[in-house]
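Now for the letters of each chain:
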Amino acid sequence: DLLLREAKRTGEAAPLAMAETTLDRMALGGMYDQIGGGFARYSVDERWLVPHFEKMLYDQALLVPVYADAWRVSRKPLYRRVVEETLDFVRRELTHPDGGLYASLDADSEGHEGKFYVWSVAEIDEVLGAEEGAACRAALGISEAGNFEGANIPNHLDGAPDEALVPALSAWKAKLLAARARRVRPATDTKVLTAWNGLAITAFCRAYQAFGREEDLRSARRAAAFVRANLFREGRLLVTWREGRAQLPAYLDDHAFLARGLLDLYESAFERRDLDDALGLARTMLARFRDPRGGFHFTADDHERLLVRTRSLYDGALPSGSGVATEVLARLASHLDDAELRRAAVEILAALRPLVGRAPTAFASLLAAADFVEGPADEIVVAGAPGDPAALALARAAWTTYLPNRTFAFAVPGEAAAGRPLLEGKTPVSGRAAAYVCRNRTCSAPVTTADALFGILGGR
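### Quick look at the overall build of the protein
For the protein, the count of helices and strands is 16 helices and 14 strands. With respect to the principal axes defined by its C-alpha atoms, the protein has extents near 65 × 60 × 45 Å. The long-range fraction of contacts in the protein, counting pairs at least 24 apart against all pairs at least 6 apart in sequence, stands at 66%. In the protein, the 56 positive side-chain charges and the 62 negative ones have mean positions that sit 4 Å from each other.

### What about the layout of surface pockets?
Computed from the structure, the second largest pocket encloses a volume of approximately 370 Å³. Of the residues contributing to the lining of the second largest pocket, the split by class is twelve nonpolar, two polar and five charged.

### Looking at the pattern of salt bridges
By the definition in use, this model includes 45 salt bridges. Where Asp274 meets Arg228, a salt bridge forms, and the shortest distance between an N and an O atom there is 2.8 Å. Of this pair, Asp274 sits in helix α11 (residues 272-288) while Arg228 sits in helix α9 (residues 214-230); the two residues are 46 residues apart in sequence, bridging distant segments of the chain. As far as burial versus exposure is concerned, Asp274 and Arg228 are alike and both buried.

### Some thoughts on helix α5 (residues 121-128)
Among the residues making up α5, those that are buried are Val121, Ile124 and Leu128. Down the axis of α5, the buried side of the element spans an arc of 70°, and every buried residue falls inside it. Of the exposed residues in α5, the ones pointing more than 90 degrees away from its buried face are Ala122 and Glu126. In the core, the buried residues of α5 are packed alongside α6 (130-140) and α7 (166-180). Downstream of α5 by one or two residues, Gly129 has phi in the positive range, about 85°.

Conventions we followed
- Residues numbered from 1 in each chain as written.
- Predicted model: local features only at pLDDT ≥ 70, side-chain atom pairs only at ≥ 80, totals over all residues.
- Heavy atoms only, no water.
- Helix = DSSP H or I, 4+ residues; strand = E, 2+ residues; numbered from the N terminus.
- Contact = heavy atoms within 4.5 Å.
- Lys, Arg positive; Asp, Glu negative; His and termini not counted.
- Charge placed at Lys NZ, Arg CZ, Asp CG, Glu CD.
- 1 Å grid on protein atoms, 1.4 Å probe; cavity = no way out; pocket = protein on both sides within 12 Å on 5 of 7 lines; lining within 4 Å.
- Points joined across faces, edges and corners; volume = space filled by probe spheres on them.
- Nonpolar A, V, L, I, M, F, W, Y, C, P; charged D, E, K, R; others polar.
- Salt bridge = Lys/Arg side-chain N within 4 Å of Asp/Glu carboxyl O.
- Buried < 20%, exposed > 50% of the residue type's maximum accessible area, 1.4 Å probe, protein only.
- Arc of directions from axis to C-beta.

Here it is, written out as C-alpha cells:
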C-alpha cells in the first residue's frame, strides 16, 4: 500500500515495480489458492510456491484493498480476478449465516497439512478427462513428479495464464472446486472477531468501489449489521463472538479497524448512520485509548489493570491500531471539517515522528496516515438522487481512479447538510447529477459526465 502511494506521489517507477512484483508472485504462486481463491498465511520457500496452508480472514481482508488499488493503477485483469475470487471464498467458507465473518480455516485435514488443497495427475484427469485434464495440468504446473511431498500445489509460477485461456481455466477450476468440496475439510475457527470483521468490511467496500459487484456491498452491510447486533453491549464494543456469546472489552484495534470499515461503508452506500458510528468510535479512541506521549494504548483506560499498559504502534501481521486510528481521525476531519479531530491526527504524527524515523519499515500504516494528513487530498462530492444512473456513473469514475488520499461523499437533493460542511452548496446542475472536486474546500466547477470527471481526476 505504501509503495503504491509513493509511486503516486513521486511518479517514480521503482516503487510501483516493487509492489507489482510482490503482488504478481503472491497471486501466481501456491500461497494463493488457485482453485478456490484466497490466500494462505505465508510462503515457506523463496518461490512463493509452498504455503503454510492455514487461511486467515485478516489476510484476505488486508490483501484485497491492495490488489484493488494495484488494479486501479495497472488495470491488470489478474488483480481483479484475485480480488473477486478471494471475496467469493470469504463469502463461501468464512461467513456466518447472519453475515458475520469467521476467523480462519485450519491448515490440516485427515492429519496432514495441505491435504485438502493438493492434487495428483490422476485426480485432475478423473474430474476433467484426459484431454482437458492435460491442458489444465499444463496451466497449473501439475506433474507426475509433483512439487510438494509427491503431490502438486496448483500454481502459475512459470507464467501468468494467457487471457485467451482464462475462460476455459475458470470452467476447469469450477469443476475442480466442486470435486474438492467432497474431500474432508479443514476445521473452521468460527469466532467472529470485531477487529478482523472491520478489516473485511473495508475489503468488501474497496472491491465494490473498484468493480461494482453488488454482492460485495451486501456482504459489507451484513457484516456491519452483525457486529452492531452482537458485539455492542451497553454502548461499549466487545472483542469476540462465538455461538451466541460475546465477550471481552474491545481493544484499540477493534475500535480503529471497525471505524475505518464503517467509514468505507459510508463512502460506498452513503448512509449517515455509518459515518456517525465511525465518529463515535473515533471519539471513544480519543477519550479512552489516547496516550499523551503519542499514539494510543492497546487497552482502554477502564480496562483491567495490567503490569504494563502497552501502546499499539508497530505494524506486524496486522497494521498498528495507532496507524489506522490516525487515518480514521484524518478522514473524519475531512468529512466533518472537524478541527479537533484534525489537530489530534497532526499531534499524534508529530509525537511519533522520531520513532518512525528510526525504523520506518515498522510504521507503514502510520506513514499512510501521514500521507493523507500531509496531502494533497481530494474531496469529491456527487450531488444527485439515490439510484440515479448518472450519479452512480460519476461515483464510479471517482471510485475506479487511484486516489489514495481522497474523501468521497454523496449530496442528496433536499437532505440537510447539517454537520457536514463538505456537502454545503453541492447541488445538481440543471437537474443533472453533478460532481465537485475540491481541495481544502476550494472546488473546481461541477461536471456532469464521467469523462469530464476522469479528466479532472486524471491530472491529480
